[in-house]
Amino acid sequence: MPVKIFRLFSAVLLSVAVFSYAAEKPKSTPPPPQADPYTEIQPAAESLDLNMYQRIRDEGLNHSHIMEFASALMDGIGPRLTGSPNLKKANEWTRDTLTKIGLENAHLEDWGEFGLGWQQLNTWARMVTPDTAVLIVQATPWSPATAGPVTGDVAFVSIRDEKDLDQYKGKLAGKVVLFGAMREVPPVDKALFERYSDSDLEAIAEFPVTAGAGGLPPEMQARMRERQERLRLIDKVAQFFYDEKVAAVIEPSRDGKNGGGSGGTFFDDNGATLGRTPYIAEKRVKIPVVVAAIESYGRLYRLTQAHAPVSVEIDVDTKFTGEHEHGFNTIAEIPGTDPRLKGQVVMLGGHLDSWIAGTGATDNGAGTVVAMEAVRILKALDVKPRRTIRIALWTGEEQGIFGSKGYVTQHFGSAKLSTAPDQLALPEFIRRAAGPLEVKPEQKLISAYFNVDNGTGRIRGVYTQGNAAIAPIFAQWIAPLKDLGVTTITLRNTGGTDHLSFDAVGIPGFQFIQEMLDYESRTHHSNQDVLERLQPADLKQMATVEAIFVYNAAQRDQMMPRKPLPLPLQEEMKRAPLEGIFPGAVPPAEPVKK
């Protein structure tokens, strides 16, 4: 019990009182030493609580609240572009909702400055001549607004390299420019909604041993170089259009798998923006840009190719809400209870941000509400986990896994990245390391991170990211879940989302194998990414499975096994040819120094 010390006491009496209190205070037991997760011996057989499996299944499948979370997030808040007012609302709603369902320490963590805050208020366009027609369009993210409705003649512009700009100088003022090749629109003769067959899952489970393992294959390097050249050209094109006083730009939507990018479906993401980093104030796009459904774009394109007069009225109503907006992750916990293990953490999550064309339902509202429902299930069952369970809902994923990367850098470690000109042109998450990996003490306290970010399809298994030691563990975990369709363990890596931030610093990070459904064909970053595309039964299954994985990881005696700590500076050296092994080879002579 603390001792009250009044100001009228002398300094001597104060010293005596403090000394007496210290002498009487019981000594706290020092925390037990933490095991090194890189050296822990893993048992061959898992100790599974099948009664808890049953309780989690009952709560997750028969008493689910996942669609309530989904409607509140997708319908009540809507699209959640990084830096936008809607994402701020979503951060606050997830924090407050996690508190309401019983989690502790729910808070927002700042991962750093992002850039421009922006929102679309309204966008429309219509053809005026030679006929009137409604066009299906939306603003591309971070597009400036028009000064109210503007009308301009339509001009198609084809620019493949910088010298093509010359032919358009002095010819585009006040024009509505079509920028982008008209693509083929094949008939939709294959299903847009697909589930994995047994043979599909067998193919995923098979681990490909390739000659180029460990490095990027030449064809991938060539594609990356081509893409970077295209992006550099895009920046110059955007400035050219501004200098030429173009009224607005219309871009065609890309296609989806099996021809899904048709029938009024359009995709509005990084591929549609007229700039590499339009969210940075110094790199902002200065002219209004919209993306059009391919049928709307196609009619305008064909009229220009027939040299028929065609004009469009367009109104892009957007708003910038700040130039130096920060990004925040939502974090909350179920505290651990085991005196030896409660300082260790099992994490789960997904990214909260989305694009703007729909309401971000399958990407990644689904992953967000699955993680929220998983921890709700555990709280509803009053689970007292041995390790702390921490949910993290990331932002900035769509622009380069910024939120999870920032969190991992702040808490667990990082490696300095190359600042060579060719590397600066690449997205941060694929730039080459220029320094050793420096890990922080917290890095050894994270047992595993589980991520969901491939739409609304049910879980069929898990990617181990090449972690061979964990495969037999997961195989035992999923055996009681076979009737739910969870059957597949693969050593393959899968990329493109937040588990990579953890994997990069030596923490086991996993993405589940999910049914793709119509994710790649019509919902991924499209105007069809809305609540109607969610599959409630699949979401229930996902939350149930994730809750079981998280519970198992929290209860094990050992932390999850780890791959060797990444050593990014040594990767190229390890793949270099061995010296001195070719019979009779003579080393080249040293050049003569002048």
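Keep in mind that what you see is a predicted model, and the values were worked out from it rather than measured. (Residues numbered from 1 in each chain as written. Predicted model: local features only at pLDDT ≥ 70, side-chain atom pairs only at ≥ 80, totals over all residues. Heavy atoms only, no water.)

## Focus on the overall build of the chain
Now for step 1: In terms of helices and strands, the chain carries 15 helices and 16 strands.
Now for step 2: Compactness check: the chain gives a C-alpha radius of gyration of 28 Å against a globular reference of 25 Å for 594 residues, within 12% of the reference.
Now for step 3: Along the first, second and third principal axes, the C-alpha atoms of the chain reach 90 × 75 × 65 Å.
Now for step 4: In the chain, which comprises 594 residues, the proportion classed as buried is 50%.
Now for step 5: Taking the contacts inside the chain whose residues are at least 6 apart along the sequence as the reference set, 85% of them involve residues at least 24 apart.
Now for step 6: Accessible surface, the chain: about 28,400 Å² in total, of which carbon and sulfur atoms supply 56%. (Helix = DSSP H or I, 4+ residues; strand = E, 2+ residues; numbered from the N terminus. Rg over C-alpha atoms; globule rule 2.2 N^0.38 Å. Buried < 20%, exposed > 50% of the residue type's maximum accessible area, 1.4 Å probe, protein only. Contact = heavy atoms within 4.5 Å. Areas by Shrake-Rupley, 256 points an atom, 1.4 Å probe, with all protein chains shown as cover.)

## Quick word on the nonpolar core
Now for step 1: Membership of the largest hydrophobic core comes to 66 residues, with the highest contact counts inside it found for Ile56, Leu378, Ile391, Phe450, Phe474, Trp477 and Phe549.
Now for step 2: Broken down by element, this core gets its largest block of residues, 11 residues, from helix α14 (residues 536-555).
Now for step 3: Non-local contacts of leucine 378, meaning those with residues more than four positions away in its chain, are made with Ile56, Ile334, Val383, Ile389, Ala547, Val550 and Tyr551. (Core = buried A, V, L, I, M, F, W, Y, C linked by side-chain atoms within 4.5 Å.)

## A word on the packing of helix α11 (residues 471-478) against α14
Now for step 1: With their axes 11 Å apart at the nearest point, α11 and α14 run at an angle of 125° to one another. As far as their axial angle goes, α14 and α11 are oblique. Once α11 is placed against α14, the crossing between them reads as right-handed. Residues Phe474, Trp477 and Ile478 of α11 touch α14, and the partners they reach there are Phe549, Asn552 and Ala553.
Now for step 2: Taken together, the residues of the contact of α11 with α14 break down into five nonpolar, one polar and no charged. (Axes fitted to C-alpha atoms, helices over the stretch in contact; angles between N-to-C directions. Parallel < 35°, antiparallel > 145°, perpendicular 65-115°, else oblique. Left-handed = near helix turned anticlockwise from the far one by under 90°. Nonpolar A, V, L, I, M, F, W, Y, C, P; charged D, E, K, R; others polar.)

## A closer look at the pairing of strand β6 (residues 248-252)
Now for step 1: Of all five residues that make up β6, five are buried, and the element is covered over most of its length.
Now for step 2: Residues Ala248, Ile250 and Pro252 point to one face of β6 and Val249 and Glu251 to the other, with burial holding for every one of them.
Now for step 3: Across three bridges, the pairing between strand β5 (residues 176-179) and β6 is parallel. Bridged to valine 177 within β6 is valine 249.
Now for step 4: Both β6 and strand β7 (residues 289-292) contribute to a ladder of four bridges, which runs parallel. If you follow glutamate 251 over to β7, its bridge partner there is valine 291. (Pairing = 2+ DSSP bridges.)

## Things to note about helix α4 (residues 85-100)
Now for step 1: Taking 1.5 Å of rise per residue, the 16 residues of α4 would be expected to cover 22 Å, and the 23 Å separating its terminal C-alpha atoms lies within 8% of that figure.
Now for step 2: The set of residues buried in α4 consists of Asn86, Leu87, Ala90, Asn91, Trp93, Thr94, Thr97 and Leu98.
Now for step 3: Where α4 is buried, its residues touch α3 (66-74), β1 (104-129), β8 (311-334), α8 (361-380) and β10 (388-394). (Expected span 1.5 Å × (residues − 1).)

## Focus on unusual backbone geometry
Now for step 1: Cis geometry marks the peptide bond from threonine 129 to proline 130; its omega dihedral reads 5°.
Now for step 2: For proline 130, the location among the structural elements is in the loop between β1 and β2 (133-135).
Now for step 3: Geometrically, the link from aspartate 363 to asparagine 364 is a cis peptide bond, its omega value of -5° lying close to zero.
Now for step 4: Mapped onto the elements of the fold, asparagine 364 is located in helix α8.
Now for step 5: Phi is positive for asparagine 105, which is not a glycine, with a value near 55°.
Now for step 6: Mapped onto the elements, asparagine 105 comes out in strand β1.
Now for step 7: Overall, asparagine 105 belongs to the partly exposed group, its relative accessible area being 48%.
Now for step 8: Phi at histidine 307 takes a positive value of approximately 60°, unusual for a residue other than glycine.
Now for step 9: With respect to the element layout, histidine 307 can be found in the loop between α7 (294-305) and β8.
Now for step 10: Overall, histidine 307 belongs to the exposed group, its relative accessible area being 73%.

## Some thoughts on the environment of phenylalanine 207
Now for step 1: Looking at the secondary structure, you find phenylalanine 207 in the loop between α5 (198-205) and α6 (218-243).
Now for step 2: Spatially, the C-alpha atoms of phenylalanine 207 and leucine 491 are 6.0 Å apart, while their sequence positions differ by 284 residues.
Now for step 3: Leaving out residues up to four positions away in the same chain, phenylalanine 207 has contacts with Leu491 and Arg492.

## Quick word on the packing of α8 against α14
Now for step 1: Across the interface, α8 lies against α14 with an axial gap of 8 Å and an inter-helix angle of 55°. Classified by the angle their axes make, α8 and α14 are oblique. Along this stretch, α8 crosses α14, giving a crossing that reads as right-handed. Seen from α8, the contacting residues are Ala366, Val370, Ala371, Glu373, Ala374, Ile377 and Leu378; seen from α14, they are Leu539, Met542, Ala543, Thr544, Glu546, Ala547, Val550 and Tyr551.
Now for step 2: Of the residues belonging to the contact of α8 with α14, the class tally is 12 nonpolar, one polar and two charged.

## Comments concerning the packing of aromatic side chains
Now for step 1: Applying the stated criterion across every chain yields a total of 26 aromatic pairs.
Now for step 2: Arranged with centres 5.8 Å apart and planes meeting at 80°, the rings of phenylalanine 450 and phenylalanine 549 form a pair that is edge-to-face. Linking phenylalanine 450 in strand β13 (residues 446-451) with phenylalanine 549 in helix α14, this pair joins segments that are 99 residues apart in sequence. The pair phenylalanine 450 / phenylalanine 549 is uniform in exposure class, with both members buried.
Now for step 3: Three or more aromatic residues joined by ring pairs form one cluster here, namely Trp111, Phe114, Trp142, Tyr279, Trp355 and Phe402.
Now for step 4: Between the NZ or CZ atom of lysine 286 and the centre of the ring of tyrosine 242, over which it lies, the distance is 5.1 Å.
Now for step 5: Over the aromatic face of tyrosine 38 sits the side chain of arginine 562, whose NZ or CZ is 5.2 Å from the ring centroid. (Phe/Tyr/Trp six-rings, centres within 6.5 Å; stacked < 30°, edge-to-face > 60°. Lys NZ or Arg CZ within 6 Å of the ring centre and 35° of its normal.)

## Description of the environment of isoleucine 356
Now for step 1: Summarising the element assignment, isoleucine 356 is placed in the loop between β9 (345-351) and α8.
Now for step 2: The spacing of isoleucine 356 and serine 311 is 45 residues in sequence and 27 Å in space, taken between C-alpha atoms.
Now for step 3: Ignoring anything within four residues of it in the chain, the contact list for isoleucine 356 reads Pro79, Leu81, Trp118, Gln120, Gln138, Ala139, Pro141 and Asp268.

## Brief notes about the pattern of salt bridges
Now for step 1: This model, assessed by the stated rule, comprises 27 salt bridges.
Now for step 2: Between arginine 57 and aspartate 483 there is a salt bridge; the shortest N-O distance is 2.6 Å. You can see arginine 57 sitting in helix α2 (residues 50-62) and its partner aspartate 483 sitting in the loop between α11 and β15 (488-490), a full 426 residues away along the chain.
Now for step 3: The exposure class of arginine 57 is buried, given its relative accessible area of 17%.
Now for step 4: For aspartate 483, a relative accessible area of 54% puts it in the exposed group.
Now for step 5: Among the salt bridges present, the one from aspartate 255 reaches arginine 183, with a minimum N-O distance of 3.8 Å. Taken together, the residues aspartate 255 in the loop between β6 and β7 and arginine 183 in the loop between β5 and α5 connect sequence positions 72 residues apart.
Now for step 6: Given a relative accessible area of 25%, aspartate 255 falls into the partly exposed group.
Now for step 7: By sharing partners, the salt bridges in this structure join Glu59, Glu373 and Arg376 into a single network. (Salt bridge = Lys/Arg side-chain N within 4 Å of Asp/Glu carboxyl O.)

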